[in-house]
Amino acid sequence: MTTHAAAIESPIQFRHATHADIDALVALVESAYRGDASKQGWTTEADLLGGRRTGADDIQACIDRPQSVILIAEREAADGRPGLLACAHVAVENDAGYFGMFSVNPTLQGGGIGKVVINEAERLVREDWGMEAMRMTVIDVREELIAFYERRGYHRTGIKKPFPYGDARFGEPKRDDLRFEILEKAL
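Residues numbered from 1 in each chain as written. Predicted model: local features only at pLDDT ≥ 70, side-chain atom pairs only at ≥ 80, totals over all residues. Heavy atoms only, no water.

> Just to check I follow, could you spell out the nonpolar core for this structure?
Side chains that are nonpolar tend, in soluble globular proteins, to be buried together. In terms of nonpolar packing, the biggest core is built from 44 residues, with Ile59, Ile70, Val90, Phe99, Phe102, Trp129 and Tyr149 touching the most fellow members. Counting residues per element, this core draws most heavily on helix H2 (residues 22-33), which supplies seven residues. Aside from chain neighbours lying at most four places away, what touches Phe102 is Tyr33, Cys87, Ala88, Gly114, Val117, Ile118, Phe148 and Tyr149. Counting six residues, the second-largest nonpolar core is a separate cluster that includes Leu48, Leu49, Phe163 and Leu178. (Core = buried A, V, L, I, M, F, W, Y, C linked by side-chain atoms within 4.5 Å. Buried < 20%, exposed > 50% of the residue type's maximum accessible area, 1.4 Å probe, protein only. Helix = DSSP H or I, 4+ residues; strand = E, 2+ residues; numbered from the N terminus. Contact = heavy atoms within 4.5 Å.)

So, in C-alpha coordinates, the structure goes:
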(Lines give C-alpha, C1' and ligand atoms only; values in the text may rest on other atoms or scores of the structure.)
Protein backbone atom coordinates (compact mmCIF):
# COMPACT_ATOMS: atom_id res chain seq x y z
CA MET A 1 0.00 0.00 0.00
CA THR A 2 1.40 3.40 -0.93
CA THR A 3 1.47 6.38 1.40
CA HIS A 4 -0.99 8.19 -0.89
CA ALA A 5 -3.49 5.32 -0.69
CA ALA A 6 -3.22 5.24 3.10
CA ALA A 7 -3.99 8.96 3.25
CA ILE A 8 -7.04 8.49 1.05
CA GLU A 9 -8.34 5.74 3.35
CA SER A 10 -7.96 7.83 6.51
CA PRO A 11 -11.35 9.20 7.57
CA ILE A 12 -12.03 12.90 7.65
CA GLN A 13 -12.20 14.20 11.19
CA PHE A 14 -14.04 17.37 12.20
CA ARG A 15 -13.35 19.76 15.03
CA HIS A 16 -13.99 23.38 15.95
CA ALA A 17 -11.12 25.81 15.41
CA THR A 18 -9.28 27.41 18.30
CA HIS A 19 -7.06 30.46 18.43
CA ALA A 20 -4.08 28.15 17.80
CA ASP A 21 -5.50 27.46 14.31
CA ILE A 22 -5.78 31.09 13.18
CA ASP A 23 -2.60 31.32 11.09
CA ALA A 24 -3.22 27.98 9.34
CA LEU A 25 -6.83 28.98 8.58
CA VAL A 26 -5.83 32.35 7.11
CA ALA A 27 -3.31 30.55 4.88
CA LEU A 28 -5.91 27.97 3.77
CA VAL A 29 -8.60 30.54 2.95
CA GLU A 30 -6.17 32.77 1.09
CA SER A 31 -4.84 29.79 -0.91
CA ALA A 32 -8.36 28.77 -1.93
CA TYR A 33 -9.46 32.20 -3.18
CA ARG A 34 -6.56 34.53 -3.95
CA GLY A 35 -3.36 34.58 -5.93
CA ASP A 36 -1.69 31.98 -8.11
CA ALA A 37 -2.09 29.15 -5.58
CA SER A 38 -5.88 29.49 -5.80
CA LYS A 39 -5.79 28.86 -9.55
CA GLN A 40 -4.92 25.20 -8.85
CA GLY A 41 -8.54 24.77 -7.74
CA TRP A 42 -11.84 25.85 -9.23
CA THR A 43 -13.04 28.11 -6.38
CA THR A 44 -10.58 30.91 -7.09
CA GLU A 45 -11.76 34.50 -7.04
CA ALA A 46 -8.37 35.75 -8.28
CA ASP A 47 -9.86 37.03 -11.55
CA LEU A 48 -12.54 38.99 -9.66
CA LEU A 49 -10.73 40.20 -6.56
CA GLY A 50 -7.22 40.95 -5.37
CA GLY A 51 -6.04 41.75 -1.88
CA ARG A 52 -6.99 39.73 1.13
CA ARG A 53 -9.87 37.26 1.46
CA THR A 54 -9.65 37.05 5.24
CA GLY A 55 -7.34 37.92 8.10
CA ALA A 56 -6.51 36.82 11.61
CA ASP A 57 -9.00 39.40 12.90
CA ASP A 58 -11.86 37.82 10.91
CA ILE A 59 -10.98 34.29 12.01
CA GLN A 60 -10.69 35.30 15.66
CA ALA A 61 -14.04 37.11 15.54
CA CYS A 62 -15.73 33.99 14.12
CA ILE A 63 -14.20 31.79 16.82
CA ASP A 64 -15.10 34.18 19.65
CA ARG A 65 -18.67 34.91 18.57
CA PRO A 66 -21.54 33.03 20.28
CA GLN A 67 -23.24 30.37 18.13
CA SER A 68 -20.40 30.52 15.65
CA VAL A 69 -17.65 28.03 14.85
CA ILE A 70 -15.06 27.52 12.21
CA LEU A 71 -15.43 23.89 11.31
CA ILE A 72 -12.12 22.25 10.45
CA ALA A 73 -11.83 19.09 8.33
CA GLU A 74 -8.62 17.14 8.85
CA ARG A 75 -7.19 13.81 7.80
CA GLU A 76 -4.25 12.01 9.32
CA ALA A 77 -1.18 12.54 7.17
CA ALA A 78 1.48 9.93 6.42
CA ASP A 79 3.53 11.18 9.37
CA GLY A 80 0.58 10.61 11.74
CA ARG A 81 -0.17 14.29 12.28
CA PRO A 82 -3.50 15.81 11.27
CA GLY A 83 -3.48 17.56 7.91
CA LEU A 84 -5.79 20.52 7.30
CA LEU A 85 -8.07 19.78 4.34
CA ALA A 86 -10.87 22.34 4.55
CA CYS A 87 -12.78 24.75 6.74
CA ALA A 88 -16.06 26.63 6.86
CA HIS A 89 -17.55 29.29 9.09
CA VAL A 90 -20.88 28.06 10.46
CA ALA A 91 -23.06 30.31 12.60
CA VAL A 92 -26.59 31.24 13.57
CA GLU A 93 -27.78 34.42 11.85
CA ASN A 94 -31.35 35.72 11.53
CA ASP A 95 -32.98 32.48 12.76
CA ALA A 96 -31.10 30.27 10.29
CA GLY A 97 -27.72 28.69 9.89
CA TYR A 98 -25.09 30.65 7.98
CA PHE A 99 -22.38 28.96 5.89
CA GLY A 100 -19.38 30.97 4.76
CA MET A 101 -15.61 31.16 4.41
CA PHE A 102 -15.79 27.71 2.84
CA SER A 103 -12.30 26.70 1.77
CA VAL A 104 -10.85 23.44 0.50
CA ASN A 105 -7.13 23.10 -0.16
CA PRO A 106 -6.89 23.93 -3.91
CA THR A 107 -4.89 20.77 -4.66
CA LEU A 108 -7.69 18.65 -3.19
CA GLN A 109 -10.69 20.36 -4.80
CA GLY A 110 -12.94 18.16 -6.89
CA GLY A 111 -12.28 15.08 -4.73
CA GLY A 112 -15.46 15.13 -2.64
CA ILE A 113 -14.11 16.78 0.50
CA GLY A 114 -16.31 19.85 0.01
CA LYS A 115 -19.48 17.77 -0.08
CA VAL A 116 -18.51 16.07 3.20
CA VAL A 117 -17.83 19.45 4.85
CA ILE A 118 -21.16 20.88 3.67
CA ASN A 119 -22.98 17.81 5.03
CA GLU A 120 -21.30 18.18 8.42
CA ALA A 121 -22.06 21.91 8.56
CA GLU A 122 -25.71 21.23 7.76
CA ARG A 123 -25.84 18.49 10.40
CA LEU A 124 -24.37 20.84 13.00
CA VAL A 125 -26.88 23.60 12.21
CA ARG A 126 -29.86 21.21 12.14
CA GLU A 127 -29.01 18.89 15.05
CA ASP A 128 -26.89 21.01 17.41
CA TRP A 129 -28.54 24.40 16.90
CA GLY A 130 -32.04 23.35 15.82
CA MET A 131 -32.17 25.57 12.74
CA GLU A 132 -34.42 24.63 9.83
CA ALA A 133 -32.52 26.41 7.04
CA MET A 134 -28.99 27.25 5.95
CA ARG A 135 -28.09 30.44 4.09
CA MET A 136 -25.00 31.75 2.41
CA THR A 137 -23.92 34.70 0.33
CA VAL A 138 -22.17 34.12 -3.00
CA ILE A 139 -20.86 36.62 -5.52
CA ASP A 140 -23.62 36.45 -8.12
CA VAL A 141 -21.33 36.27 -11.18
CA ARG A 142 -19.82 33.00 -9.88
CA GLU A 143 -22.18 30.78 -11.88
CA GLU A 144 -20.08 27.60 -11.55
CA LEU A 145 -19.98 27.97 -7.76
CA ILE A 146 -23.71 28.71 -7.56
CA ALA A 147 -24.39 25.61 -9.70
CA PHE A 148 -22.30 23.54 -7.24
CA TYR A 149 -24.51 24.69 -4.37
CA GLU A 150 -27.70 24.20 -6.38
CA ARG A 151 -26.71 20.55 -6.94
CA ARG A 152 -26.60 20.28 -3.14
CA GLY A 153 -30.14 21.59 -2.69
CA TYR A 154 -29.52 25.33 -2.31
CA HIS A 155 -31.62 27.75 -4.33
CA ARG A 156 -31.17 31.33 -5.39
CA THR A 157 -33.43 33.57 -3.35
CA GLY A 158 -33.15 36.53 -5.70
CA ILE A 159 -32.11 38.64 -2.71
CA LYS A 160 -29.06 40.66 -3.69
CA LYS A 161 -26.73 42.63 -1.47
CA PRO A 162 -24.26 45.24 -2.66
CA PHE A 163 -20.59 44.33 -2.72
CA PRO A 164 -18.72 46.44 -0.14
CA TYR A 165 -16.56 48.37 -2.60
CA GLY A 166 -13.91 50.38 -0.80
CA ASP A 167 -13.70 48.00 2.20
CA ALA A 168 -10.33 46.26 1.85
CA ARG A 169 -11.46 43.52 4.27
CA PHE A 170 -13.46 42.07 1.36
CA GLY A 171 -10.71 42.35 -1.23
CA GLU A 172 -9.83 44.68 -4.04
CA PRO A 173 -12.42 44.34 -6.84
CA LYS A 174 -11.19 43.96 -10.40
CA ARG A 175 -14.71 44.56 -11.78
CA ASP A 176 -17.45 47.06 -11.03
CA ASP A 177 -20.43 44.68 -11.32
CA LEU A 178 -20.00 42.50 -8.22
CA ARG A 179 -22.94 41.78 -5.92
CA PHE A 180 -23.78 39.09 -3.39
CA GLU A 181 -26.79 36.83 -3.74
CA ILE A 182 -28.28 34.90 -0.86
CA LEU A 183 -28.69 31.16 -1.40
CA GLU A 184 -30.82 29.06 0.95
CA LYS A 185 -31.61 25.41 1.69
CA ALA A 186 -34.28 23.95 3.93
CA LEU A 187 -32.74 21.48 6.37
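> Help me understand the environment of Arg142 in this model?
Tracing the backbone shows Arg142 in the loop between strand E6 (133-139) and helix H6 (143-151). By relative accessible area, Arg142 is classed as buried at 9%. Taking C-alpha positions, Arg142 is 9.7 Å from Phe180, a pair spaced 38 residues apart along the chain.

> Looking at this structure, I do not really get helix H4 (residues 56-64). What am I missing?
In an α-helix, one full turn covers 3.6 residues, which means residues spaced three or four apart are oriented alike. Turning to H4, its buried residues are Ile59, Cys62 and Ile63. Each buried residue of H4 sits inside an arc of 100° when the element is viewed along its axis, so together they form one side. As for H4, its buried residues are in contact with H2, strand E3 (68-76), strand E4 (82-93) and strand E5 (96-104). (Arc of directions from axis to C-beta.)

> Can you help me understand the side chain of Ser68 in this one?
Structurally, the position occupied by Ser68 is in strand E3. Residue class for Ser68 comes out buried when judged on its relative accessible area of 6%. A polar atom in the side chain of Ser68 sits 2.7 Å from the side chain of His89. Residues contacting Ser68, with those up to four places away along its chain left out, are Cys62, Ile63, His89, Val90, Ala91 and Trp129. (Polar contact = N/O pair within 3.5 Å; in protein donor to acceptor, adjacent residues only side chain to side chain.)

> Mind showing me how you'd approach the sheet that holds E5 here?
Paired through their backbone hydrogen bonds, the strands of a sheet run either parallel or antiparallel. Taken in spatial order, the seven strands line up as E1-E3-E4-E5-E6-E9-E7 in an open sheet, and their pairing is mixed. Two strands close off the open sheet at either side, each with one partner strand: strand E1 (13-16) and strand E7 (155-162). Between one strand axis and the next, the sheet turns by 30° as a mean value, whatever way the strands run. In this sheet, strand E9 (residues 179-186) lies alongside E6 in antiparallel orientation, the contact comprising seven bridges. If you follow Ile139 over to E9, its bridge partner there is Phe180. In the packing of H6 onto the sheet, contacts are made with E5, E6, E7 and E9, and the angle to E6 comes to roughly 165°. (Pairing = 2+ DSSP bridges. Axes fitted to C-alpha atoms, helices over the stretch in contact; angles between N-to-C directions.)

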